[in-house]
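Chain and residue survey
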Amino acid sequence: RPPPNPPPLETLFPYPTLFRSQELFELSPSTDPIDQFLPAPREENFLSEQELTNLAAAIFEKDTGLDFSQQQFELVFHRQTWFDVTNDLVDVTAYLPGCDETQEPKTLTDYANDNPTLTVSAQLDATTGRLLSYSGSFTPQQPVTDDTRETVYLERAKALCAAAGLGELSDCQYSAADSFTQSLWATLDNGDRVVFHLDQPVLTFENATAMGGQGRVDALLKNEIVDDG
């Protein structure tokens, strides 16, 4: 089944500030032949930089409730291969509105690596705009307890899926939790297996099936204890 469609481009505000960089690959090059994360030029069949920025900005705004119209967006195109699946991706990263951007000489990519609560980022399929992974702030409206943890985290995961147009979640399964961290595995309408890592104050998401097929799903599950109940 085809993936859900991203938000219609004609309804999105044309965010004017774009910045492309290959610095990410200089900071953390990959040498693992099974986990290749390589810079790539923008191909003709890719969506334009403006379209990709608009799609990411729409997800950021719906997910956080913040206005990103004055933010600068960093775009990095790359080709990623896990197992037998190759994707052409674009990383889109922006500061959360209101965060301090004056701490030079650190760059936006440095912030994304070292202080993820200052930024929000997405990896989009460069040809379709579909969201494949995400990292953003997560501040629960109420304290998370052992009794409320799974309900709060499921609602947070559903909210991100709604913001990104990913459809409904089913077959939800939780990993064992410590005081701050837990993973939620689920299935999208099209059958893709996805995982949410819930580590206050950060939420991360990955469509494991789209990123690396069943091999990627199995590799991630290998290190987790999942409750099937």
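This text follows the structure it describes.
Every value quoted in this text rests on a predicted model; they were computed, and no experiment measured them. (Residues numbered from 1 in each chain as written. Predicted model: local features only at pLDDT ≥ 70, side-chain atom pairs only at ≥ 80, totals over all residues. Heavy atoms only, no water.)

1. Notes on the nonpolar core
Just so we agree on the cut-off: Joining through side-chain atoms within 4.5 Å is the link that ties buried Ala, Val, Leu, Ile, Met, Phe, Trp, Tyr and Cys residues into a set, and such a set is a nonpolar core. Summary of the burial criterion: residues with accessible area below 20% of their type's maximum are buried, those above 50% are exposed, and those between are partly exposed, where the area comes from a 1.4 Å probe applied to protein chains only. For helices the rule is a DSSP run of H or I covering at least 4 residues; for strands it is a run of E covering at least 2, with both sets numbered from the N terminus onward. Working rule for contacts: check all heavy atoms of both residues, and any pair within 4.5 Å makes them a contact.
In terms of nonpolar packing, the biggest core is built from 44 residues, with Phe60, Leu124, Leu131, Tyr134 and Phe196 touching the most fellow members. When residues in this core are grouped by element, the largest group, seven residues, is from helix α4 (residues 149-164). The contact partners of Phe196, leaving out residues within four places of it in the chain, are Ala157, Leu160, Cys161, Leu169, Gln182, Ser183, Leu184, Leu203, Thr204 and Phe205.

2. Concerning helix α5 (residues 208-221)
The test is simple: Between the first and last residue of a helix there are one fewer steps than residues, each counted as 1.5 Å, and that sum is the expected span. One fitted axis covers the seven residues ending at a residue, a second covers the seven starting there, and the bend at that residue is the angle between these axes. Definition of a polar contact: a pair of N or O atoms within 3.5 Å, with one able to donate and the other able to accept a hydrogen when the atoms are protein atoms, and with sequence-neighbouring residues admitted only if both atoms are side-chain atoms.
For α5, built from 14 residues, the straight-helix expectation of 20 Å at 1.5 Å per residue is missed by more than 12%, its first-to-last C-alpha distance being only 10 Å. In α5, a bend of some 95 degrees at Gln214 exceeds every other bend along the element. Where α5 is concerned, the buried positions are Ala208, Ala210, Met211, Gly212, Gly213, Arg216, Val217 and Leu220. Taking the backbone nitrogen of Thr209 as reference, a side-chain oxygen 3.3 Å away marks Asn207 as the first, capping residue of α5.

3. Overview of the packing of aromatic side chains
Put simply, the rule reads: For this analysis, a ring pair means two rings from Phe, Tyr or Trp (six-membered ring only for Trp) whose centres lie within 6.5 Å, classed as stacked if their planes differ by under 30 degrees, edge-to-face if by over 60, and tilted for the remaining angles.
Throughout the structure, instances matching the rule amount to six aromatic pairs. Relative to Phe68, the ring of Phe60 has its centre 5.6 Å away and its plane inclined at 55 degrees; by these criteria the two rings are tilted. Residue Phe60 shares its accessibility class with Phe68, and that shared class is buried. Measuring from ring centre to ring centre gives 6.2 Å for Phe60 and Phe73, while their planes differ by 15 degrees; the resulting arrangement is stacked. Of this pair, Phe60 sits in helix α2 (residues 49-64) while Phe73 sits in strand β3 (residues 73-82), placing them 13 residues apart in sequence.

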